[in-house]
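Geometric and topological summary
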Amino acid sequence: AGVVYNGIDVASFPFQAEKDDHLLFLSRISPEKGPQLAVEVARRCGKKLILAGKVDPYDRDFFVSTIAPLIDGDRVVFVGEADARMKRELYKAASCVLMPITWEEPFGLVLAEAQACGTPVIAFNRGAAAEIVKDGVTGFVVDSVDEMVAAVARVNEIGPMACRQHMERHFGRQAMAEGYLRVYQSIL
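Residues numbered from 1 in each chain as written. Predicted model: local features only at pLDDT ≥ 70, side-chain atom pairs only at ≥ 80, totals over all residues. Heavy atoms only, no water.

Let's shift gears to helix 7 (residues 160-171). Because each turn of an α-helix spans 3.6 residues, side chains separated by three or four positions in sequence point in the same direction. The end-to-end C-alpha separation of helix 7 is 16 Å, in line with the 16 Å expected for twelve residues at 1.5 Å each. Taken together, the buried positions of helix 7 are occupied by Cys163, Arg164, His166, Met167 and Phe171. Down the axis of helix 7, the buried set is contained in an arc of 160 degrees. They therefore lie on one face. Where helix 7 is buried, its residues meet helix 4 (109-116), helix 5 (129-132) and helix 8 (173-187). (Helix = DSSP H or I, 4+ residues; strand = E, 2+ residues; numbered from the N terminus. Expected span 1.5 Å × (residues − 1). Buried < 20%, exposed > 50% of the residue type's maximum accessible area, 1.4 Å probe, protein only. Arc of directions from axis to C-beta. Contact = heavy atoms within 4.5 Å.)

Applying the stated criterion across every chain, the model contains six aromatic pairs. The rings of Tyr5, Phe107 and Phe171 are connected pair by pair, giving a single aromatic cluster. (Phe/Tyr/Trp six-rings, centres within 6.5 Å; stacked < 30°, edge-to-face > 60°.)

Two numbers describe how helix 4 lies on helix 7: the axes approach to 7 Å, and their chain directions differ by 125 degrees. In terms of orientation, helix 4 lies oblique with respect to helix 7. Here Ala112, Gln115 and Ala116 of helix 4 lie close against helix 7, whose contacting residues are Cys163, Arg164, His166 and Met167. When its residues are assigned to classes, the contact of helix 4 with helix 7 shows four nonpolar, two polar and one charged. (Axes fitted to C-alpha atoms, helices over the stretch in contact; angles between N-to-C directions. Parallel < 35°, antiparallel > 145°, perpendicular 65-115°, else oblique. Nonpolar A, V, L, I, M, F, W, Y, C, P; charged D, E, K, R; others polar.)

Take the sheet that holds strand 1 (residues 23-26) next. Spatial ordering of the open sheet is given by 3-2-1-4-5-6, a layout of six strands whose pairing is parallel. The open sheet has two free edges, formed respectively by strand 3 (76-78) and strand 6 (139-142), since each of these has just one partner strand. On average, adjacent strands in this sheet sit at an angle of 20 degrees to one another, irrespective of strand direction. (Pairing = 2+ DSSP bridges.)

In structure tokens:
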């Protein structure tokens, strides 16, 4: 019948045009989300990375064996699971959000929420990433760690207001409601 994207309350995400120089990975800390790849990208770029996310019990071994040894508290900082307030603070300050997903992510709220704060996203071209991130306008959609490293160097080409406006236009509550109305009307 059609596709209706998840809508977010864009106004609840604080817009910030001026960004810090660090990178952000905010997601569940699990192999399919690629936090170890985000660390590799940050190290290759010489940038600080803030890792934020929940470690589920079934991902505990992955965290302990793969992620914990990469955390140094200086260049790679783990802040744990971010609540609604904290994630907004993290999103708005980061120079960009890295999403090196290794599975077919069906939507990915992080992609939309970060852009609502005016923060570009650099994501692997998996699942719906290319439908949420407008390549070259609100971030970059890439196919490899090498391409992600190159995209970090270009992140200043992305205008924070372009990210925010893209979210308002295509992923805000109004856009979602209109999408459902279109689908329901086509069914009727």
